[in-house]
Amino acid sequence: MNQKVVLITGCSSGIGLALASRIAKDEKKRFMVYATMRNLGKGEALVEAAGRTLGRTLEIKQLDVCDEASIKACVDSLPERRVDILISNAGMGLIGPIECQSIDEMKTVMDTNFFGLVRLLKELLPDMKRRKKGHIVVISSVMGIQGILFNDVYAASKFAVEGFCESLAVQALRFNLNISLIEPGPVITEFERKVYEEGMKTDLSKADKVTADMFTNIYLKNYNQIFETLGQTADDVAEHTFKIITMDNPPFRHQTNTLYTPMTTLKYADPNGDLPIDTFYKMVFEHDKVFNASLNFLKLLRWRSRKSFTLDKDKEKSS
Ligand SMILES: NC(=O)C1=CN([C@@H]2O[C@H](COP(=O)(O)OP(=O)(O)OC[C@H]3O[C@@H](n4cnc5c(N)ncnc54)[C@H](OP(=O)(O)O)[C@@H]3O)[C@@H](O)[C@H]2O)C=CC1
Ligand SMILES: CC1=C(/C=C/C(C)=C/C=C/C(C)=C/C=O)C(C)(C)CCC1
């Protein structure tokens, strides 16, 4: 059988883990998944999720996206160095006022989220071009489209990813290669926990009172509620991504969270760029009224979409 080879980065938790096991469990066994992680000592959760696919349609390998030698060693270990579908997923977040973040911390975010992808493609793109076959799937974010308060450097790293891919996509087409950016909104994973915990530990002594207060009493205070209201599961994002890799003509961009699209649509609705900024400003600073009303409205939408999903399922069962 002609299985497609899928290489995924960052599979120790979250979206990468969910994706690796989802693709390996494809009923038609169309894929051989190389699920990679930088620290093989963290492989237990994936081993458990992979179940019987381990050693059959899924293999775990070491790969650190910040280390060129580890990328090369991993790719060299694959049969004929072949990768049909690359899923660049490894990434990290960073929140807080820039006055309180070191340049080194910021560089680590850019090195992981942006240069991690660049390193992977420097290793894999020449082979894909030669074979005139391949799909590059990048787990970007809604923050690759739109910046969000106190996510300055993280959003910059995802904008970098999007600009890079948008530029490359035209050249890729010439070689019959597809590129797809997956753009989730908030997803409930380790990312959320790590970012929140680090955020809570931020030394705010270098920030002025207004900024420190905005970060603590508006952003961090509402952070968990935003994830509860808008957050998707990693399995949900994996299902969206699975659909994209099985399409004949996959789209360049795909947002996974319909509750979030009203926000990203604001960007495209105003070429001056003021509409999303003014709207976010109102949502944040008149948060007692507008922000809570918005979250309640989104909660209602979410409840309704779940309800209609259940009803649809019930209809399917009874027909
Ligand atoms: N959660 C969210 O709200 C959203 C996340 N995303 C994006 O989704 C992707 C996955 O994040 P998510 O699953 O949520 O978060 P997790 O923290 O659960 O997973 C991140 C994964 O990336 C790995 N990783 C970090 N640095 C490296 C590295 N240098 N080399 C290899 N692997 C590395 C982590 O490994 P380790 O365990 O060793 O740290 C982990 O496996 C990221 O690109 C993120 O930006 C996009 C939109 C929303
Ligand atoms: C909804 C919303 C907000 C927060 C959004 C957040 C927190 C999104 C997180 C997205 C993530 C984590 C993406 C990862 O790549 C604001 C700006 C506070 C106020 C305006 C409305």
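Computed from a prediction, not measured in an experiment: that's the story for all the values here.

1. Describing the pairing of strand 5 (residues 135–139)
Right, so step 1: Counting buried positions over the five residues of strand 5 gives five, a clear majority of the element.
Right, so step 2: Note: strand 4 (residues 85–88) against strand 5, four bridges, orientation parallel. Paired with Ser88 across the strands is Val138, a residue of strand 5.
Right, so step 3: Taken together, strand 4, helix 4 (residues 103–131) and strand 5 constitute a β-α-β crossover, and its handedness is right-handed.
Right, so step 4: Where strand 5 and strand 6 (residues 178–183) come together, five bridges link them in parallel fashion. Bridge pairing in strand 6 links Ile136 to Ile179.

2. Some details on the pattern of salt bridges
Right, so step 1: One pass over the full model with this rule turns up 17 salt bridges.
Right, so step 2: In this structure, Asp127 and Arg130 form a salt bridge, with 2.8 Å as the shortest nitrogen-oxygen distance. Placement of both Asp127 and Arg130 in helix 4 is noted, with a separation of three residues, approximately one turn of the helix.
Right, so step 3: Glu190 is paired through a salt bridge with Arg193; the nearest N and O atoms lie 2.4 Å apart. With Glu190 and Arg193 both in helix 6 (residues 190–201) and three residues apart, the pair spans about one turn of that helix.
Right, so step 4: Taking relative accessible area as the criterion, Arg193 reaches 39% and is therefore assigned partly exposed.
Right, so step 5: Where salt bridges share partners, they join Lys72, Asp76, Arg81, Glu123, Asp127 and Arg130 into one cluster.

3. Quick look at the UniProt feature "binding site: substrate" (unreviewed entry) in the protein chain
Right, so step 1: The positions UniProt marks with the feature "binding site: substrate" (unreviewed entry) are Ser141.
Right, so step 2: Among the secondary structure elements, Ser141 is positioned in the loop between strand 5 and helix 5 (152–174).
Right, so step 3: Among the residues examined, Ser141 registers a relative accessible area of 6% and is labelled buried.
Right, so step 4: For Ser141, the residues in contact, after removing those within four places along its chain, are Tyr154, Lys158, Glu162, Ile182, Glu183 and Pro184.

4. Section: the side chain of Thr264
Right, so step 1: Locating Thr264 in the fold gives a position in helix 9 (residues 261–269).
Right, so step 2: Engagement of the side chain of Thr264 in a polar contact is seen with the backbone oxygen of Thr261, the distance being 3.1 Å.
Right, so step 3: Setting aside residues up to four positions removed in sequence, Thr264 forms contacts with Val142, Ile145, Gln146 and Gln255.

5. Focus: helix 8 (residues 234–245)
Right, so step 1: Taking 1.5 Å as the rise per residue, helix 8 with 12 residues should run 16 Å; its terminal C-alpha atoms sit 16 Å apart, in good agreement.
Right, so step 2: Within helix 8, the full set of buried residues consists of Ala234, Val237, Ala238, Thr241, Phe242, Ile244 and Ile245. Along the long axis of helix 8, the arc covered by the buried residues comes to 155 degrees, so they all point the same way. Exposed side of helix 8, more than 90 degrees from the buried face: Asp235 and Lys243 are the residues found there.
Right, so step 3: Contact partners of the buried residues in helix 8: helix 1 (14–24), strand 2 (31–37), strand 4, strand 5, strand 6 and strand 7 (253–255).

6. A look at the site of ligand 1
Right, so step 1: Close contacts around ligand 1 come from 30 residues, with Ser12, Ser13, Asn89, Tyr154 and Thr189 the closest.
Right, so step 2: Here an oxygen atom of ligand 1 and a backbone polar atom of Val187 are 2.8 Å apart.
Right, so step 3: In the model, an oxygen atom of ligand 1 is placed 2.6 Å from a nitrogen or oxygen of the Thr189 side chain.
Right, so step 4: Here ligand 1 loses 96% of its free accessible area of 900 Å² to cover by the protein chains.

7. A word on the packing of helix 1 against helix 8
Right, so step 1: Packing of helix 1 against helix 8 brings their axes to within 8 Å, and their N-to-C directions diverge by 50 degrees. It follows that helix 1 is oblique to helix 8 by the angle criterion. Here the hand of the crossing between helix 1 and helix 8 comes out right-handed. Side by side, helix 1 and helix 8 meet where Gly14, Ile15, Ala18, Leu19, Arg22 and Ile23 of the first sit next to Ala234, Asp235, Val237, Ala238, Glu239, Thr241, Phe242 and Ile245 of the second.
Right, so step 2: Classifying every residue of the contact of helix 1 with helix 8 by side-chain character gives nine nonpolar, two polar and three charged.

Reading the values: the criteria
Residues numbered from 1 in each chain as written. Chains lettered and ligands numbered in written order. Predicted model: local features only at pLDDT ≥ 70, side-chain atom pairs only at ≥ 80, totals over all residues. Heavy atoms only, no water. Buried < 20%, exposed > 50% of the residue type's maximum accessible area, 1.4 Å probe, protein only. Helix = DSSP H or I, 4+ residues; strand = E, 2+ residues; numbered from the N terminus. Pairing = 2+ DSSP bridges. Right-handed = clockwise from strand over helix to strand, strands pointing away. Salt bridge = Lys/Arg side-chain N within 4 Å of Asp/Glu carboxyl O. UniProt positions renumbered as here; feature names shortened; annotations may be inferred. Contact = heavy atoms within 4.5 Å. Polar contact = N/O pair within 3.5 Å; in protein donor to acceptor, adjacent residues only side chain to side chain. Expected span 1.5 Å × (residues − 1). Arc of directions from axis to C-beta. Near = heavy atom within 4 Å. Areas by Shrake-Rupley, 256 points an atom, 1.4 Å probe, with all protein chains shown as cover. Axes fitted to C-alpha atoms, helices over the stretch in contact; angles between N-to-C directions. Parallel < 35°, antiparallel > 145°, perpendicular 65-115°, else oblique. Left-handed = near helix turned anticlockwise from the far one by under 90°. Nonpolar A, V, L, I, M, F, W, Y, C, P; charged D, E, K, R; others polar.

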